[in-house]
Amino acid sequence: MAFVIISCSKKEEPEPAMGDQVAGTYTLTKVSLGPLGIDYPYTDPSNGVKYSGKIEIAKVADDKATASITYIDTDKAGKVTEDKISLGEATLKKAATGEIEAYSGTTKIGTYSNSLLSLSFVDPDSKLLVTITGKK
């Protein structure tokens, strides 16, 4: 009798490119200006306007992406106003923690992990740190 032993090894699938991992639309969940933060969506009790938004990330290359944020205001009558702002291009790098980090030059401006995105920049007018958080 002859016995044949076959080793079945599962090939690991390659991890998708960082640009593919971060690309997509995120629902805005928080905006912070310095020490103050507002959870989104938010309805202003004084005027009934509902504030919401989204962050859109587009892959440029395996290690590059562009971002834009759209702030959406809906008044009590249901009229929607959108303000879209381009946040520019970032270089993506894998951190030792497994997170994907976004850089503008040598300045870290964002992180992505487990469908959560966080972007930070200094507001040119107030000089305060702005942090925008979104969930895919």
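Residues numbered from 1 in each chain as written. Predicted model: local features only at pLDDT ≥ 70, side-chain atom pairs only at ≥ 80, totals over all residues. Heavy atoms only, no water.

*Asks:* Got a sec to walk through the overall build of the protein? Specific residues and values, please.
*Replies:* Across its full length, the protein holds one helix and ten strands. From first element to last, N terminus to C terminus, the protein shows the α and β order α-β-β-β-β-β-β-β-β-β-β. Expected size for 136 residues packed as a compact globule is a radius of gyration near 14 Å; at 20 Å, the protein overshoots this value by more than 25%. If you line up the protein on its principal axes, its C-alpha atoms span 85 × 35 × 25 Å. For the protein, with 136 residues in total, the buried portion stands at 28%. (Helix = DSSP H or I, 4+ residues; strand = E, 2+ residues; numbered from the N terminus. Rg over C-alpha atoms; globule rule 2.2 N^0.38 Å. Buried < 20%, exposed > 50% of the residue type's maximum accessible area, 1.4 Å probe, protein only.)

*Asks:* Account for the pairing of strand S8 (residues 107-113), with residues named and values stated.
*Replies:* It is a general feature of regular strands that their side chains alternate between the two faces of the sheet. Pairing of strand S7 (residues 100-104) with S8 involves five bridges; the strand directions are antiparallel. By the bridge assignment for S8, isoleucine 100 is matched with tyrosine 112. Here S7 hands over to S8 after two residues, with glycine 105 in that stretch at a positive phi of 65 degrees. (Pairing = 2+ DSSP bridges.)

*Asks:* Hey, could you go over the pattern of salt bridges for me, with residue numbers and the actual values?
*Replies:* Inspection of every chain in the model, using the stated rule, returns six salt bridges. Of the charged contacts, one joins lysine 59 and aspartate 20 as a salt bridge, the two residues approaching to 3.1 Å between their closest N and O atoms. Here aspartate 20 lies in helix H1 (residues 18-22) and lysine 59 lies in strand S4 (residues 50-61), a separation of 39 residues in the sequence. The exposure class of aspartate 20 is partly exposed, given its relative accessible area of 41%. The network of salt bridges with shared partners includes Asp20, Lys59 and Asp62. (Salt bridge = Lys/Arg side-chain N within 4 Å of Asp/Glu carboxyl O.)

*Asks:* Just give me the short version of the environment of lysine 108, but keep the residues and values in it.
*Replies:* Considering the arrangement of structural elements, one finds lysine 108 in strand S8. Distance in space between the C-alpha atoms of lysine 108 and leucine 92 is 9.6 Å, their sequence separation being 16 residues.

*Asks:* Talk me through the packing of aromatic side chains; I want residue IDs and the actual numbers.
*Replies:* Overall, the coordinates contain two aromatic pairs when judged by the stated rule. When the ring of tyrosine 26 is compared with that of tyrosine 112, the centres are 6.2 Å apart and the planes differ by 80 degrees; the resulting orientation is edge-to-face. With tyrosine 26 in strand S1 (residues 24-33) and tyrosine 112 in strand S8, this pair connects stretches of sequence that are 86 residues apart. Take tyrosine 26 and tyrosine 112: they sit in the same class, and that class is buried. Plain terms: the ring middles of tyrosine 42 and tyrosine 51 are 6.3 Å apart, the flat faces sit at 20 degrees to each other, and that makes the pair stacked. (Phe/Tyr/Trp six-rings, centres within 6.5 Å; stacked < 30°, edge-to-face > 60°.)

*Asks:* For the confidence of the model for the protein, give the residues involved together with the corresponding values.
*Replies:* In the predicted model, the protein carries a mean pLDDT of 91, and the fraction of residues at 70 or more is 92%. The least confident element of the protein, judged by mean pLDDT, is strand S9 (residues 116-122) at 93; the most confident is S4 at 97. (pLDDT = per-residue confidence, 0-100.)

*Asks:* Explain the environment of alanine 95 residue by residue, including any values.
*Replies:* Note that alanine 95 resides in the loop between strand S6 (80-94) and S7. Alanine 95 gets classed as buried once you look at its relative accessible area, which sits at 14%. The spatial distance from the C-alpha of alanine 95 to the C-alpha of valine 122 is 23 Å, given a sequence separation of 27 residues.

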